[in-house]
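Here is how the chains run, residue by residue.
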Amino acid sequence: PDGALECTRSAARTLVGLARERGWLAAAPFDARVRCELIHCLAVSPRTHSELSDLLPAGLASEQADVDRVLGQVAHYRPPRALDDKGKYVLKDHLWGEFDAFFHRYSRVELEHAMQHAVGGFRRARIHHKQAAAAAA
């Protein structure tokens, strides 16, 4: 039937995502849960502070001061470029290694965007790593 293959793919992605993400099995530390959520929100696209707050699960978003602290660890703030623009947070390049394409809360469209951004992020991280290694030598 129409849609059966897509339904099967979606179910398989969900099962793989749940098997890989074990934070739901045991109480993962707050910072680790927030870090994972923020990295995967920012992998899709740069986001404003309010967009990130809206995307976080309610149990995490309610601890705003702690979320802001973790946000500072995982993202750079990019200020507005024009009067009608908004400042956005961008995932730090060295954190693309923590990106998981099987993140359980991605829609198909979000996954496509995240994968496109991940390619560029991995390239930038590799360049930074090579430059750091060359500087240390």
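So, here is what we can say about the structure in this document. (Residues numbered from 1 in each chain as written. Predicted model: local features only at pLDDT ≥ 70, side-chain atom pairs only at ≥ 80, totals over all residues. Heavy atoms only, no water.)

Observations concerning the side chain of Lys92
No. 1: Inspection of the secondary structure puts Lys92 in the loop between β2 (88-91) and α6 (108-136).
No. 2: Although buried, Lys92 forms no salt bridge, and the nearest oppositely charged side chain, Glu98, lies 11 Å from it.
No. 3: A distance of 3.4 Å separates a polar side-chain atom of Lys92 from the backbone oxygen of Gln73. (Helix = DSSP H or I, 4+ residues; strand = E, 2+ residues; numbered from the N terminus. Buried < 20%, exposed > 50% of the residue type's maximum accessible area, 1.4 Å probe, protein only. Lys, Arg positive; Asp, Glu negative; His and termini not counted. Salt bridge = Lys/Arg side-chain N within 4 Å of Asp/Glu carboxyl O. Polar contact = N/O pair within 3.5 Å; in protein donor to acceptor, adjacent residues only side chain to side chain.)

Here we look at helix α5 (residues 64-74)
No. 1: Here α5 has its buried residues at Val67, Val70, Leu71 and Val74. Seen from one end, α5 has its buried residues packed into an arc of 110°, which puts them on one side.
No. 2: If you follow the buried residues of α5, they end up packed against α2 (30-44), α3 (49-55), α4 (58-61), β1 (75-78) and β2. (Arc of directions from axis to C-beta. Contact = heavy atoms within 4.5 Å.)

Details of the nonpolar core
No. 1: Counting 28 residues, the largest nonpolar core has Leu38, Leu42, Leu71, Val74 and Tyr106 as the members making the most contacts within it.
No. 2: Sort the elements by how many residues they give to this core and α2 lands first, with nine residues.
No. 3: Sequence-distant contacts of Leu71, that is, excluding residues within four places in its chain, are made with Leu38, Leu42, His49, Leu52 and Tyr89. (Core = buried A, V, L, I, M, F, W, Y, C linked by side-chain atoms within 4.5 Å.)

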